[in-house]
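Spelled out, the chains give:
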Amino acid sequence: MPSPIALNPPSPSPSIFKEKESLRQFPSMTTAVSYLSAVQRADTRARSYDNSSVASTPALSLSSSVTASSENSILNNGDENNGLLYPLEPPISEQVFSTVHAEFGHCANEAYRCISKHDYRKPFQEHTVEEPPHYILFATYMSYLIIHFFGYMRDFFGKHFAKSSFTHLVHHNGYAPLNSDWDSFFSRRLKRRMDDCFSQPVTGAPGRTTLILDRYSTDYNETQIYTGTTTRALNISSYNYLGFSQAHGGWADAVQESVRQYGISSCGTRLETGCTELHVRAEALMARFLGAEDALISSMGFATNSTFIPTLAGKGSLIISDELNHTSMRGQPKTHRPWKIILVIVEGLYSMEGTLLNLPRIVELKQKYKFYLYVDEAHTIGSLGPRGRGVTDYFDIPPHSIDVLMGTFSKAFGAAGGYIAGPKTLIDALRLRSHSGPYAEVMTPSVLTQIVVSMASIMGVAPPAPQPTKSPLSLNLDCSIVAPKHSAEELAGMAPVSMLPTWMNLHPSLADGSEARMRMRRLAFNCRYLHAGLKKLGFIVYGHPSSPIVLLLIFNPAKLMMFVRFMRARRKSIIVVIGAYPATPVEKGRARLCPSASHTKEDIDLFLRACDEVGGILDLKHGSGERWGIDKVCERAVELVHSV
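Worth saying up front: this structure is predicted, and the values here are computed from it rather than measured.

Definitions and cut-offs
- Residues numbered from 1 in each chain as written.
- Predicted model: local features only at pLDDT ≥ 70, side-chain atom pairs only at ≥ 80, totals over all residues.
- Heavy atoms only, no water.
- Helix = DSSP H or I, 4+ residues; strand = E, 2+ residues; numbered from the N terminus.
- Buried < 20%, exposed > 50% of the residue type's maximum accessible area, 1.4 Å probe, protein only.
- Contact = heavy atoms within 4.5 Å.
- Areas by Shrake-Rupley, 256 points an atom, 1.4 Å probe, with all protein chains shown as cover.
- Core = buried A, V, L, I, M, F, W, Y, C linked by side-chain atoms within 4.5 Å.
- Patch = residues over 30% accessible without salt bridge, like charges linked within 9 Å, V, L, I, M, F, W, Y side chains within 5 Å.
- Salt bridge = Lys/Arg side-chain N within 4 Å of Asp/Glu carboxyl O.
- Phe/Tyr/Trp six-rings, centres within 6.5 Å; stacked < 30°, edge-to-face > 60°.
- Lys NZ or Arg CZ within 6 Å of the ring centre and 35° of its normal.
- Expected span 1.5 Å × (residues − 1).
- Pairing = 2+ DSSP bridges.
- Axes fitted to C-alpha atoms, helices over the stretch in contact; angles between N-to-C directions.
- 1 Å grid on protein atoms, 1.4 Å probe; cavity = no way out; pocket = protein on both sides within 12 Å on 5 of 7 lines; lining within 4 Å.
- Points joined across faces, edges and corners; volume = space filled by probe spheres on them.
- Nonpolar A, V, L, I, M, F, W, Y, C, P; charged D, E, K, R; others polar.

Turning next to the overall build of the chain. In terms of regular secondary structure, the chain is built from 19 helices and 18 strands. Per-residue burial for the chain yields a buried fraction of 53% across its 644 residues. Counting only contacts in the chain whose residues sit at least 6 apart along the sequence, the fraction spanning at least 24 positions is 74%. With an accessible surface of roughly 30300 Å², the chain has 57% of that area assigned to carbon and sulfur atoms.

In structure tokens form, the structure reads like this:
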């Protein structure tokens, strides 16, 4: 049954509402088996020539590889080959790909790489607010005014003539309402009408593509009816920045083995019986990764801030927190006495603005005014900097210049939880005094393993020190982790093999760091290309060019939901996330785009072409500056990336 809210014009545009093509139109790629066979043949040919110069993605073990028997459950979910499931052209013999294209796109072109690093020859790009024409703001305010007017009218008449529908908002049978009509007005009269654009349920790994659970509503989104079918869509909205959250490959294999070693959960808190060797190893590895004395991990990113900050600041402390900081970092102890401690809390990257912290300027102020600095790197750790160390690495600022470094594992690391790092005396105090230690459930072993493997692959694993052999035939079991020769400076930042669990054997491309370096450079290219491409097409875009979050301003609430529905209704579906009031200013609704290392250059082309069409239909192109056509943008992508 078609959805009453789906777009279904009588004369659909062929580019947006084109009927999905059949696999029969692609005779060379009729099934997933044929594609996988082509990959296997190319892999065999490449390995027979021992072409060590070709960088490959981690090989899939038997436990996680895609075989013909698993085709239906993994790949063939009723999808046709439109370029999302697997490439339209099989790889050539020189290209070795072992990842599933739907999870991590195949891209061997080294031109589509970039290093995330601040160029001190250029001034820091401050956040600039570009305003739309006045008629756009007027139409946006009028939209909210009309929505509120009719919403209040419906509430007024409904409470008098349809009381049964409003019993949950008034006193009923002696019970007070859980939510007042005022508190729930926005969610009932605005958000519910566009609920099909929020909280879109998906299934499968949050990789390059994802599967949307198809649903529709017959009561204006009061309820949703699931059809039992799925649609594969290009995923431009997940925080899986480096694509580590894969269902297949070296990460998944290590996580699978950790369940055999440790079970599902530790079933305890850190100060009781929940602490395992994985917790100790992960914290030691995190401290080395950041260049800090010590680190402490938490099972939830939000709880990392909300449980540790109150321990850092008490009576006599002044907290200066940016107004755009995350909710977990807000709050101020009330006192009328002189401040004993001043703690400045900032984010490395503001996720609803895409704004990058001007860290050199903040450090300069810190040295002048002697305040303590707390930096939240939830969206920068792993995704910024030539070595993936976050905003300090991006600006090449020593980590010890920051008093407290905080971040999360749910973005670039493809896991969950958060960490806090700093001087050992501070971390030791937090272990005992914060509410996280005695009350919070610890991270599960599988999540810890994902963190350790991801971090080790970014750092690279230093080869074990040569040991004197007793016999020419003796074997060194540590040689299962292989790394090429490195300089002394590179070895200082690598993870010693002794810091990893003895049962953890990493694929060579993970152990030597080449896989992670490739992914970080692909992410940097995709971020810059998407940001610069949208601006050249005429859109108002917020954020720093190197930011993994790109904000596309849409403004009008009606256009927000139409943007999502247009993208989802395309032949090659695209899933996007939107943000509106109260998460943003009332007149500045936006789409929050998250490019990933798993996206190919063709994926960004696809999304830019979709934005170009939809932006023209919805009148979204109000940016200033020189404009290019979509073909010119796609053809000169490399030039665009290196010009920002």
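Moving on, we come to the nonpolar core. Counting residues in each nonpolar core, the largest one holds 75 residues, and the members touching the most others are Phe289, Leu359, Leu373, Phe409, Met455 and Leu506. Broken down by element, the residue count for this core peaks at eight residues, all from helix α12 (residues 445-459). Discounting chain neighbours no more than four positions away, the residues touching Leu373 are Val344, Val346, Leu359, Ile362, Lys366, Ile402, Asp403 and Val404. One finds Tyr144, Leu537, Leu560 and Leu593 within the second-largest nonpolar core, a separate group that totals 50 residues.

Taken together, Phe138, Met142, Leu145, Ile146, Phe149, Phe150, Tyr152, Met153, Phe156, Phe157, Phe161 and Trp182 make up a surface patch of nonpolar side chains, about 1400 Å² in accessible area. With respect to the helices and strands, Leu145 occurs in helix α3 (residues 134-161). Look at Leu145 and you get exposed, because its relative accessible area is 53%.

Further remarks concern the packing of aromatic side chains. Summed over all chains, the structure comprises 15 aromatic pairs. Among the aromatic residues, ring-to-ring pairing joins Phe289, Phe409, Phe413 and Tyr419 into one connected group. Seen from the ring of Tyr220, Arg193 lies directly overhead, with NZ or CZ sitting 5.3 Å from the centre. Arg519 extends its terminal NZ or CZ atom over the ring of Phe104, reaching a point 3.8 Å from the ring centre.

Between its terminal C-alpha atoms helix α17 (residues 601-618) stretches 25 Å, which fits the 26 Å expected from 18 residues at 1.5 Å a residue. Counting buried positions along α17 yields 13 of 18 residues, so the element is predominantly enclosed. Count one or two residues on from α17 and you reach Asp619, which has phi positive near 60°.

Let us now look at the pairing of strand β2 (residues 209-216). Taking burial as the measure, the eight residues of β2 include seven buried ones, the bulk of the element. By the bridge criterion, two bridges tie strand β1 (residues 202-203) to β2 in an arrangement that is antiparallel. Note that in β2 the partner of Val202 across the bridge is Ile212. Counting the residues between successive antiparallel strands, the hairpin from β1 to β2 contains five residues, one of them, Gly204, with a positive phi of roughly 95°. Sheet topology places β2 next to strand β3 (residues 225-235); seven bridges connect them, and they run antiparallel. Residue pairing in the sheet places Ile212 in a bridge with Thr231 of β3.

Turning our eyes to something else, we now look at the sheet that holds strand β5 (residues 317-321). Spatially, six strands are ordered β4-β11-β10-β9-β6-β5 in an open sheet, and the strand pairing comes out mixed. The open sheet has two free edges, formed respectively by β4 (294-298) and β5, since each of these has just one partner strand. Direction aside, the axes of adjacent strands within the sheet are offset by 20° on average. Bridging between β5 and strand β6 (residues 341-347) involves five bridges; their strand directions are parallel. Bridge pairing in β6 links Ile320 to Val344. Strands β4 and β11 (418-422) of the sheet are contacted by helix α6 (residues 277-290), whose axis makes an angle of about 125° with β4.

Read from one edge of the open sheet, four strands run β1-β2-β3-β16, paired in mixed fashion. What marks the edges here is a single partner per strand, and that holds for β1 and β16 (574-575).

A word on the pattern of salt bridges. Tallied over the full model, the rule gives 29 salt bridges. The closest approach of N and O atoms between Arg113 and Glu110, which form a salt bridge, is 3.9 Å. When its relative accessible area of 10% is taken as the criterion, Arg113 is described as buried. The exposed category is assigned to Glu110, whose relative accessible area is 56%. Here Glu626 ties to Lys536 by a salt bridge, and the two come within 3.5 Å at their closest N and O atoms. Linking Glu626 in the loop between α17 and α18 (630-635) with Lys536 in helix α15 (residues 514-537), this pair joins segments that are 90 residues apart in sequence. Overall, Lys536 belongs to the buried group, its relative accessible area being 19%. Among the ionic contacts, a cluster of salt bridges with common partners joins Arg270, Glu283, Asp294, Lys424, Asp428 and Arg431.

This paragraph deals with empty space enclosed by the protein. Following the criterion strictly, the structure yields four cavities of 30 Å³ or more and no others. Lining the largest cavity are Arg270, His279, Ile297, Ser298, Ser299, Ser436, Ala440, Glu441, Val442 and Met443. Considering only residue class, the lining of the largest cavity consists of four nonpolar, four polar and two charged.

Our focus in this paragraph is unusual backbone geometry. Residue Pro582 follows Tyr581 across a cis peptide bond; omega there is 10°. By the secondary structure assignment, Pro582 is in the loop between β17 (577-579) and β18 (589-593). Look at Tyr220: it is not a glycine, yet its phi comes out positive at around 55°. The exposure class of Tyr220 is exposed, given its relative accessible area of 60%. Although it is not a glycine, Lys370 adopts a positive phi angle of roughly 60°. With respect to the helices, strands and loops of the structure, Lys370 is situated in the loop between α8 (359-369) and β9 (372-376).

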